[in-house]
Each structure stands twice: as C-alpha cells, then as structure tokens.
Amino acid sequence: MSKSLLSGNEAIVEGAVKAGLKFYSSYPITPASEIMTFILKKDVTFIQAEDEIAAINMCIGASLAGKKSMTATSGPGFSLKQEGIGLAFKLGTPLVIVDSQRVGPSTGMPTLGSQGDILQAKHGIHGDYISIVFYPNSVEELYRYTLEAFNISEEALSPVILLSDGYLSRMYETVDLSLINKKIKIKNRTLSPLGSSKRHFTGLTSENNIPKTKDSIVYKNWYLQRKKHILNAAKRYNFFEYIENKNSDTLLIAYGITSRAILPLKNNFSIFRPIRLFPILDELKEISKNYKRIIVIEMNDGQYKHELEAFLKRDIKGIGLLGGKISLEEIKNEL
Amino acid sequence: MSYEKFFRQEMKELGWCPGCGLHSIFRDICDVFNGINEEIVVISGIGCTGRAAGYFNLDSIHGLHGRAIPLAVGIKMANPELKVVVISGDGDLLGIGMNHLIHSARRNDNITVICNYNEVFAMTGGQVSPTTKEDAITLTTPKGNLYQPINIQGILLSNKKHFYGRTSYVFREHLKKTLKEALNHKGFSFVEIYSPCIINYSNKIGKSAADVFKEINKEYKITENNHPLKDNELGIIKNE
C-alpha cells in the first residue's frame, strides 16, 4: 500500500510516464495547462509549442521517431488538432491526445467542466475514421486509463483520445497506484523508429510507399484493414461499469464526471457507465435488452444519446446538463 | 551516383512538370546528401515541392499543409542524432505554415528548411501566394497582385542567431554550396531556392522555361558578403 494525494492532471502525467511517455508537447489552455508543469518534473522531453497545431504535429514526429508521445488540450485546442489526429490515423502513429473538456462552443466557459466534445472525439476529423476514446471518472481511473490509452495506441497503431473534464482534471483524490500497476502490463513499441529504414509516410492514399491517389481499391483495402485492426485491438479494452438493480426497468447511462454525480440513483435504477466511449461497447446491446427505458445523462445536448440511438436502434431519453452545472436535484426532476 | 542512391526507384520518375526547376534541385540535393554522414530524414508539407519527400529513398514524411516544420522539430527533439531536413514550397512554409517557421527560427531548432520559392500556389493552378511579386498577374489576381511579397529574409534576420541562404536552380554549384553549409550549420538554417513556376505562372504571362532561366542568369548576382541580400542577390547571411 502506498497512497498519495493527486489531482486529475497529475494522475494523467503519472499514468503517461508509467506507460513510457518520452515526449510531450502542448500549448497552454485551461483546464489542461497544469499538465505541462507536472511533466517538467519528469524525464520527458518537453516543448511548449507555438500553437495547438504545432503541438500535435511535433508529437506525431516524435512518435514516429520512436518516442511514446502525448499532447493535452481542451475544446478550442481539440478542434485545432483534428487535422493532426487525421494524419496520425492515416500514418498509423501511436499517440495519446488528452481533451479536458470545458463549456463551449468557442471560448465558452473556460473554468467550468463539460462533456461537449463527445461527438468531436468520434467524428472530428474529415474522412472515414475509427476513433478510440476513453473517459475515466476518477483521479485513480485517469491514471489507469492513461496507461491503457498508451497501450491500445501501441496495439492499434492509432491516436487515442483520453477525455477528461475541468472538474475531473482538477479534482484531488487519494489513490493507490501500486494496485493498478500490478494489474497492467506496459505494451512496448513495435513500430521501428524513423532513420532505421526507408519508408515513406504520407497522408496520401498509398500502397507500399507509393502514392495511389486515384485507385479506389487501394483506398478501400487500406481503410477496411485499418478498421479491422483497430476494432480487433479495441476488443481487449472493453472497459465499462455496470451496476444492476434488479427492481428497475430503467437503465441510466452516464460517463465521466456525471457518472459520479448520479451514483446515489443506483438505489432506484440500474446504471451503465461506459469507460471506452468509442468504439461503442457491444456489451451494451445485450444489457439494454433488459430495460424498458434507457436514459442517457450527460453534460451536453444529447451527444452520446444520439450515438446510442443509432447503435441500439431504439428511442432513448436524454437528460442534458448544460452550462457546466451538475445538479442531482435537476436530474431527479427530469427522470 | 548520388541521384541513383537517393531516388526512390519504385517511384519510376520525378513527377514535376517539364521545365520545372525542381528536377535539377532534386538532383542537387541528392549530391549534397551524399556528403552527409548522419541518417537523413526528409519532411515535406503539401504542394508541388511537398511531393519531394516521397522521391527520396530515405525515411520520409509527407505531412499536412504547412506543418512540416513542427513534424521535423518533434523528430529532431526525439532523436537528435538524425539530420532532419524540411523540403517544401513557399505557399506551404511562408503562407499557411508561417507561424511555425517564425517560431522554429526563433528557437534556433537544429533543422534545415529548404524552401522552393516558385512565387505561386502551383499545384492548385497558380493562385497568388505570399511570395508573388507586387502587380503580378496570377489566377486569382487577374488585375495584378495588390500586395508586396513577404520579406522572409527580414523576418529571419530579426533573430540574433540566424542562417538565411538564397540561391536558385539556375546556379547549381552555388545551390549545392549553400545547401551544404546550411546542413552543416548548428541551429536553424533556411535556404530559399528561387525557381519560378513554369506551367502555372511563367507560361501564363508569356515566359518560357528558357526565358525564365536566362532572366535569372542575367539578373541575379552571387555575393560572398554577409549583409542583407538585395533583391537580385544570392548568398548566405548568418550569425551563429
């Protein structure tokens, strides 16, 4: 037992370093800025980039050069990073992107937490894309799932989004990291670094290093193979929490900070908490069959509800908590 | 032969237009690379010159429009043993990617940036670029460019430590000498290679590839002086 008091942002840093983080680049933004100051205390190459776009491109370069890399931001910066996320996906670059959400759109309410970037995390880039998105709900989980985010990014050879929010990132909790360390094995880098070969990494559709920009078959083969590879990797990372209440015909679905707030409702309802938000968990298909009503509670205007309706092909009620406020009373009134 | 050594044979041939300076520039870069002992990694952005990365038989990245420099900086920081070279165009480096260029030069990052300065957005048909001369007729300035071209020399020289080289595909020995010095420079080095676009710019204003070549050959002078270059001068200005 070795307990320590950590903030969410510190836990992300501890998890990343444990996972083998060697390069970090980001641009100051509330509520993710503190990650930079914690990184400085670690054996990690760090550069405060000139902007959000530079930060993610530096991380892609560093990752391809052989170093496990991470960047962190919030909504406005996350929007700017989308083209880079697309490049990382196209080039098969392991990379972790932390988005500590705040109320948007635009500058919005910088110091208030939110869950408004759910759809951006899934669909933010242009073109077809399979996103991997984790969203923990405690300081301890931020540590654990930062580790898991690095692991899956190495397996999937793809960027991974770790969602947090302004509340979770700045929350302090007592944690025992040694217990988690016993459970998780670190995945080592398999991709050989730049300078060791004669590969051409290009954002263009290509085959064996050669651009094939008018060949639909090449594109289709590339994309379907990429999709299969990522979905296969995701199967080993199907994280969720299910609190079953046998007396309830209603399933509440919540994630991240909201799932903490609604925990007292477990006395009257079943609660499902996805930790891997995307790809959406197949387990939900079976579990949802047991319930007449499904209600998604989230700090946005129905973003995950929308995704789940399409996934489960049924009507779902949404409770949207807007403007950075979480109130259990308000939720109860809407149930 | 350095071209055979550094050209990615599967690409079969360089895809640039007939008359484009990039053909000889590519060969000259191969010659210069031949004298480099470190492992070289080439990074490009988007555009005609952006295709350069794909032609080198080296580990190379063809990244996003304007973002070659931060990719290169990440690589260099992750592995300082590598020789990291950015090869891209003026639209990519001095337009959409200018922020990165300014800051990388300010930080004096130990990378070399080779800018093919063709005066237009060539791949998309010849639109005005930040380097197009004032009054020049392009696809998007049919009545002449209203604005003065960017003064990249001035921007780079505003840093106490700097390396700014200007050369042209017309003066091949000078080009190689300039690139060699840039690649051996400790810190940020920038080389502008003047090579106006032929098909999507020069031809449209009535100049052939031969006209452009002769014009540059006649008008441009090589200087050894370490002072800010005049508009028609080629040389290296540096302060380590």
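Engineer: Looking at this structure, how should I read the domain arrangement of chain A?
Structural biologist: Many structure descriptions define interface size as the accessible area lost when the parts assemble. Residue and element names in this part refer to chain A. Once the domains are mapped, chain A shows domain 1 (3–183) and domain 2 (241–334). For domain 1 versus domain 2, the separation of C-alpha centres amounts to 24 Å. In this complex, domain 1 contributes 24 residues to the contact, which on the side of domain 2 involves 20 residues. Of all the secondary structure elements, the ones that give two or more residues to the side of domain 1 that touches domain 2 are β6 (109–113), α5 (118–123), β7 (133–134), β8 (159–165) and α7 (166–170). When residues in the side of domain 1 that touches domain 2 are grouped by element, the largest group, four residues, is from α5.

Engineer: I tried to follow helix α4 (residues 75–91) of chain A on my own but got confused; where do I start?
Structural biologist: An α-helix turns once per 3.6 residues; consequently, residues spaced three or four apart project the same way. All names here are of chain A. The end-to-end C-alpha distance of α4, which contains 17 residues, comes to 24 Å, matching closely the 24 Å that a straight helix rising 1.5 Å per residue would cover. The sharpest bend along α4 measures roughly 45 degrees and falls at Lys-81. Among all positions of α4, only Gly-75, Gly-77, Phe-78, Lys-81, Glu-83, Gly-84, Ile-85, Leu-87, Ala-88, Phe-89, Lys-90 and Leu-91 are buried. If you follow the buried residues of α4, they end up packed against α3 (52–64), β4 (68–73), β5 (95–103), α5, β8 and β10 (200–202). Gly-92, located one to two residues past α4, shows a positive phi value of around 70 degrees.

Engineer: Can you help me understand the sheet that holds strand β18 (residues 317–320) of chain A in this one?
Structural biologist: Residues and elements named next belong to chain A. Pairing is mixed across the open sheet formed by five strands, whose spatial order is β13-β15-β14-β17-β18. Strands with a single pairing partner mark the edges of an open sheet, and in this sheet they are β13 (240–243) and β18. Neighbour to neighbour, the strand axes of the sheet diverge by 20 degrees on average, direction disregarded. Pairing geometry for strand β17 (residues 293–298) and β18, over four bridges, is parallel. By the bridge assignment, Ile-295 is partnered in β18 with Lys-317. Along the sheet, helix α12 (residues 303–312) contacts β14 (250–253), β17 and β18; its crossing angle with β17, the most-contacted strand, is approximately 150 degrees.

Engineer: Whenever I open this one, the environment of A:Gly15 confuses me. Can you help?
Structural biologist: Residue and element names in this part refer to chain A. With respect to the secondary-structure elements, Gly-15 resides in helix α1 (residues 8–19). Sequence separation of Gly-15 and Tyr-145 is 130 residues, and the distance between their C-alpha atoms is 7.7 Å. Residues in contact with Gly-15, not counting those within four places in the same chain, are Leu-142, Tyr-143, Arg-144, Thr-146 and Leu-147.

Cut-offs used in this document
- Residues numbered from 1 in each chain as written.
- Chains lettered and ligands numbered in written order.
- Predicted model: local features only at pLDDT ≥ 70, side-chain atom pairs only at ≥ 80, totals over all residues.
- Domains from an automatic or database assignment.
- Contact = placed C-beta atoms within 7 Å.
- Helix = DSSP H or I, 4+ residues; strand = E, 2+ residues; numbered from the N terminus.
- Expected span 1.5 Å × (residues − 1).
- Bend = angle between axes of the 7 residues up to and from the residue.
- Buried ≥ 20, exposed ≤ 12 C-beta atoms within 10 Å, placed from the backbone.
- Pairing = 2+ DSSP bridges.
- Axes fitted to C-alpha atoms, helices over the stretch in contact; angles between N-to-C directions.

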